[in-house]
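Residue-level listing of the chains:
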Amino acid sequence: MSSRLTTLPNGLRIVTEAMPGLKSASVGVWVMAGGRHERVEQNGIAHFLEHMAFKGTTRRSALQIAESIEDVGGYINAYTSREMTAYYARVLQDDVPLAIDVIADIVLNPVFDPKEIEVERHVILQEIGQALDTPDDVIFDWLQEAAYPDQPFGRSILGPAERVSAFTRDDLKRFVSEHYGPDQMILAAAGGVDHDRIVALAAEAFGALKPVGLSLIQPAAFSGGERRESKVLEQVHFALAFEAPGYRDDAMYTSQVLSTALGGGMSSRLFQKIREERGLCYSIFAQAGAYEDTGMFTIYAGTSADEIAELAGLTIDELKRSADDMTEAEVARARAQMKAGMLMGLESPSSRAERLARLLSIWGRVPDVEEAVAKIDAVTTADVRRHAAEMASSGRSALALYGPVSEAPDLSALRRRLAA
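Not measured: the values here are computed from a predicted model.

> Talk me through the layout of surface pockets; I want residue IDs and the actual numbers.
Considered as a void within the structure, the largest pocket measures approximately 1400 Å³ in volume. In terms of lining, the largest pocket is formed by 44 residues, of which the most central are Y247, A290, R358, L359 and I362. Of all the elements in the fold, those that place two or more residues in the lining of the largest pocket are β4 (75–80), α9 (251–263), α12 (328–345), α13 (349–363) and α14 (369–377). When residues in the lining of the largest pocket are grouped by element, the largest group, 8 residues, is from α13. Looking at side-chain class alone, the lining of the largest pocket contains 20 nonpolar, 10 polar and 14 charged residues.

As structure tokens, then:
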């Protein structure tokens, strides 16, 4: 399979990938406007705007937006991340023109009805409340804040309740005017699609839109820190982070292989040592996320208050041990898991469309899957050991704890154990 790319005169990029044999397609618009593009007084507005896109346009009511797609058996959704906001639909291939029309409508023509703003404000406040009541959800926001304090990259995507409570219609319109230009958008489609037809539809829908210029972002600076929140819960939720490479650094693949070997599955070191051998937790994992100019290597677990010190200590020990004795077999298994996960995911047109948009935003092109496979295969055991050693010796880390935390070690204690 190969992708095709066309750029309209106003800067809108259209990228597609036909998947022969599929009768359905995924199509969406990815806007380079996420949480890190917000000023401090705007924190949460990108997510608020995503919600409002479905609350009515100049052509469709909120119900008509949903019915337009569901009447043909499809679905439509959106999400906000730290670096982009996406609006996408999955439909049968004959309904791709409808999907593009609806997505263009909600992106370009939201009415921001004051009554609907108040309704959705309440919905988002409920979402914030739900997140605060979900420890293994909110702890990652707190970890992000601890790792990247006092900067856009460290702020919650949902935003604080006091900000969300104050956003006005003018605030929403201002954010759109600042970021929702064709030069900051990618229209991606995969599955049963015809590139030339989609380009024509996109030109009709978006061709008159004026560019807004490049959005400048504050570079991310991982400094690390700690956040402890005491609450009466059954478990202490523990999240530890180290800075990892960004997605333009090939060392990203080394970080991801390490995270997979350390805590990416039932055969991983953390799972075997802490859950299977010691029985200290039900859930434990490691993951490495990459962004434009930074990344974050994260370890998460939940355990009882009287066992959190042992769990935290063993986690540090396993990371240190990875620098000394990570085996060829473990690295080979991690590489195989990564490749299988990536390739299996690309059997879905939704995953493939998202990949097209994400890679195009990073590289200005869509590298072949084989290129990513080759970079994964190039990661050696020595690379993985070296990366683990560099993290352990860096002296920079972040910690978030939530629950009955009185017996939990602090970040200084964990850093000393790493350095020992």
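After that view, the rundown keeps rolling.
> Hey, could you go over the sheet that holds strand β3 (residues 24–31) for me, with residue numbers and the actual values?
Here we have 6 strands laid out as an open sheet, ordered β1-β2-β6-β3-β5-β4, and mixed in their pairing. Looking at which strands have only one partner, the edges of the open sheet turn out to be β1 (3–7) and β4. Looking at each pair of strands side by side, their axes are set apart by 15 degrees on average, direction ignored. The pairing of β1 with strand β2 (residues 13–18) spans 5 bridges and is antiparallel. Considered in β2, the bridge of T7 is made with R13. Running over the sheet, α13 touches β1, β2, β3, β4, β5 (85–92) and β6 (185–191) and is turned about 145 degrees from β6.

> Got a sec to walk through the packing of aromatic side chains? Specific residues and values, please.
Scanning the model with the defined rule gives 10 aromatic pairs in all. With a centroid separation of 6.3 Å and an interplanar angle of 25 degrees, the aromatic rings of F140 and F285 are classed as stacked. Here F140 is found in helix α5 (residues 135–147), whereas its partner F285 is found in strand β9 (residues 284–290), with 145 residues between them in sequence. For F140, a relative accessible area of 22% corresponds to the partly exposed category. Aromatic side chains Y148 and F222 sit 5.3 Å apart centroid to centroid with 85 degrees between the ring planes, which places their arrangement in the edge-to-face category. Here Y148, found in the loop between α5 and α6 (161–164), pairs with F222, found in the loop between α8 (195–206) and β7 (225–230); they are 74 residues apart in sequence, far enough to count as distant.

> Describe the pairing of β9, naming the residues involved and giving the relevant values.
Sheet analysis places β9 next to strand β10 (residues 295–303), joined by 7 bridges and oriented antiparallel. Among the inter-strand pairings, I284 is bridged to a residue of β10, identified as A301. Taken together, β9 and the strand that follows it, β10, pair antiparallel across an intervening segment of 4 residues.

> Could you give an account of unusual backbone geometry, naming the residues involved and the relevant values?
Of note in the backbone geometry, F112 takes a positive phi value of approximately 55 degrees without being a glycine. Along the chain, F112 falls in the loop between α3 (96–108) and α4 (114–132). On the basis of relative accessible area, F112 is assigned to the buried category, the value being 5%. A positive phi angle, near 55 degrees, is found at D150, a position not held by glycine. Structurally, D150 is set in the loop between α5 and α6.

> Now, about the sheet that holds β10: what can you tell me, with residues and values included?
Reading across from one edge, β7-β11-β8-β10-β9 is the order of the 5 strands in this open sheet, with mixed pairing throughout. Two strands in the sheet have a free side with no partner beyond their single neighbour: β7 and β9. Within the sheet, the average angular offset between the axes of one strand and its neighbour, ignoring direction, is 10 degrees. Packing of α9 onto the sheet brings it into contact with β8 (236–244), β9 and β10, and relative to β9 it is tilted by some 170 degrees.

> With reference to specific residues and values, describe the side chain of T80.
Its place among the elements puts T80 in strand β4. Within the structure, the side chain of T80 is placed 2.5 Å from the side chain of E50, a separation counted as a polar contact. Residues contacting T80, with those up to four places away along its chain left out, are A46, H47, E50, T85 and I157.

> Mind laying out empty space enclosed by the protein, listing which residues take part and the relevant values?
Considering all chains together, one arrives at 2 cavities of 30 Å³ or more under this definition. Considered as a void within the structure, the largest cavity measures approximately 50 Å³ in volume. Forming the walls of the largest cavity are T260, A261, S267, S268, R269, E330, R333, A334 and Q337. The set of elements that each furnish at least two residues to the lining of the largest cavity consists of α9 and α12. In terms of residues, the lining of the largest cavity owes the most to one element, α12, which gives 4 residues. Tallied by class, the residues present in the lining of the largest cavity amount to 2 nonpolar, 4 polar and 3 charged. Estimated volume of the second largest cavity: approximately 40 Å³.

> Explain the pairing of β10 to me, using residue names and the numbers behind them.
Burial analysis of β10 places 9 of its 9 residues in the buried class, the great majority of the element. Note: β8 against β10, 9 bridges, orientation antiparallel. Bridging from a neighbouring strand, A244 pairs with G295 of β10.

> Hey, could you go over the nonpolar core for me, with residue numbers and the actual values?
Core analysis: the largest hydrophobic core is formed by 65 residues, its most contacted members being W30, F238, L240, I274, F297 and L311. A per-element tally of this core places helix α11 (residues 308–325) first, with 7 residues. Counting 49 residues, the second-largest nonpolar core is a separate cluster that includes A99, A104, Y180 and I198.

Rules used in this analysis
- Residues numbered from 1 in each chain as written.
- Predicted model: local features only at pLDDT ≥ 70, side-chain atom pairs only at ≥ 80, totals over all residues.
- Heavy atoms only, no water.
- 1 Å grid on protein atoms, 1.4 Å probe; cavity = no way out; pocket = protein on both sides within 12 Å on 5 of 7 lines; lining within 4 Å.
- Points joined across faces, edges and corners; volume = space filled by probe spheres on them.
- Helix = DSSP H or I, 4+ residues; strand = E, 2+ residues; numbered from the N terminus.
- Nonpolar A, V, L, I, M, F, W, Y, C, P; charged D, E, K, R; others polar.
- Pairing = 2+ DSSP bridges.
- Axes fitted to C-alpha atoms, helices over the stretch in contact; angles between N-to-C directions.
- Contact = heavy atoms within 4.5 Å.
- Phe/Tyr/Trp six-rings, centres within 6.5 Å; stacked < 30°, edge-to-face > 60°.
- Buried < 20%, exposed > 50% of the residue type's maximum accessible area, 1.4 Å probe, protein only.
- Polar contact = N/O pair within 3.5 Å; in protein donor to acceptor, adjacent residues only side chain to side chain.
- Core = buried A, V, L, I, M, F, W, Y, C linked by side-chain atoms within 4.5 Å.

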